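Coordinates in review
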Amino acid sequence: SNAALISDVYNTRFISIGLPDFPDQAKTIRRISARGVCIRNGKALMIKYKWPGYGFAGGGIEKGESLEETVAREFQEEIGCTVTKVGKFLLSVTERTTSVIHPGKYFEQVNLYYECEVANAPCTTQTTQEEADREYECIWVDLSESLRENEAIPQRQRDVAVLKLLLGTDVITKP
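So, here is what we can say about the structure in this document. Note that this is a predicted model, so its numbers are computed, not measured. (Residues numbered from 1 in each chain as written. Predicted model: local features only at pLDDT ≥ 70, side-chain atom pairs only at ≥ 80, totals over all residues. Heavy atoms only, no water.)

What about the environment of V86?
Applied cut-off: Helical segments are the DSSP runs of H or I of at least four residues, strand segments are the runs of E of at least two, and each set is numbered from the N terminus. Burial classes follow relative accessibility: with a 1.4 Å probe on protein chains only, a residue under 20% of its type's maximum area counts as buried, one over 50% as exposed, and anything between as partly exposed. Should any heavy atoms of two residues lie within 4.5 Å, those residues are considered in contact.
Tracing the backbone shows V86 in strand β7 (residues 83–98). Exposure remark for V86: the relative accessible area of 23% places this residue in the partly exposed category. In sequence terms V86 and C116 are 30 residues apart; their C-alpha atoms lie 4.4 Å from each other. When sequence neighbours within four positions are dropped, the list of residues in contact with V86 reads E68, V71, Y114, E115 and C116.

Shown next, in the form of structure tokens:
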């Protein structure tokens with residue numbers, strides 16, 4: 001259940017990136033996302049964008065959907081692989097920024113990362129038009145290589161946090 005998985009959040013790792021505090025009475029748009037981390041032989045199954053950087057598959061939770069279902073659906077849509085298992089909770093990365101889409105508002109996204117396993121045979125991706133416009137592909141990438149490339153890209157800092165955890169070089173804070 002979501003309640004059991006979310007309770008894991010309070011006994012594990014937290015990272016916050018972006019703005020430390022929003023102004024008093026800030027108009028804030030909030031979103032919770034579930035993301036999967038699939039590792040095999042020192043490589044992660046990640047999204048390679050048309051611009052520099054790699055990202056972990058995942059996205060917003062739809063109404064009535066569990067966190068496991070979100071991870072499975074997003075992997076199918078974005079990477080084209082069937083998730084065979086959603087495992088333990090790894091960490092939460094909260095991003096806080098000014099909203100690009102809604103000027104004058106703030107945006108807070110809590111990204112919940114879970115270990116997962118995928119079937120060997122990739123399937124056809126089922127991307128949204130916005131995702132298709134990003135022209136990305138799924139790729140097995142060396143963790144250190146992905147970290148090196150992502151560290152130079154401000155928009156990939158949430159992925160940097162996860163990669164550092166996986167490589168054992170993380171600095172994680174708890175609230």
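Side note on unusual backbone geometry
One non-glycine residue, N41, adopts positive backbone phi at about 50°. Take N41: its relative accessible area is 81%, and that puts it in the exposed class.

Considering the state of the cysteines
Put simply, the rule reads: Sulfur atoms of two cysteines make up a disulfide when they are within 2.5 Å.
Considering all chains together, one arrives at 0 disulfides under this definition. Here C38 stays unpaired: no disulfide links it, and the sulfur of C116, its closest cysteine neighbor, is 5.0 Å away. The exposure class of C38 is buried, given its relative accessible area of 2%. C81 takes part in no disulfide bond, and the closest cysteine sulfur to it belongs to C138, at a distance of 5.3 Å.

Re the environment of K43
Inspection of the secondary structure puts K43 in strand β4 (residues 43–48). Owing to a relative accessible area of 37%, K43 belongs among the partly exposed residues under this scheme. Separated by 98 residues in sequence, K43 and V141 place their C-alpha atoms 5.0 Å apart. Discounting residues that sit within four places of it in the chain, K43 has contacts with C38, W140, V141 and D142.

Notes on the packing of aromatic side chains
Condition: Pairing of aromatic rings covers Phe, Tyr and Trp, the last through its six-membered ring, and needs centres within 6.5 Å; plane angles under 30 degrees mean stacked, over 60 mean edge-to-face, and all others mean tilted.
Scanning all chains against the criterion turns up 2 aromatic pairs. Relative to Y113, the ring of F56 has its centre 6.0 Å away and its plane inclined at 85°; by these criteria the two rings are edge-to-face. Remark: Y113 occurs in strand β8 (residues 106–118) and F56 occurs in the loop between β5 (54–55) and β6 (58–60); sequence separation between them is 57 residues. Between the aromatic rings of F89 and Y114, the centroid separation amounts to 5.2 Å while the plane-to-plane angle is 65°, which identifies the pairing as edge-to-face. Taken as a pair, F89 in strand β7 and Y114 in strand β8 lie far apart in primary sequence, 25 residues in all.

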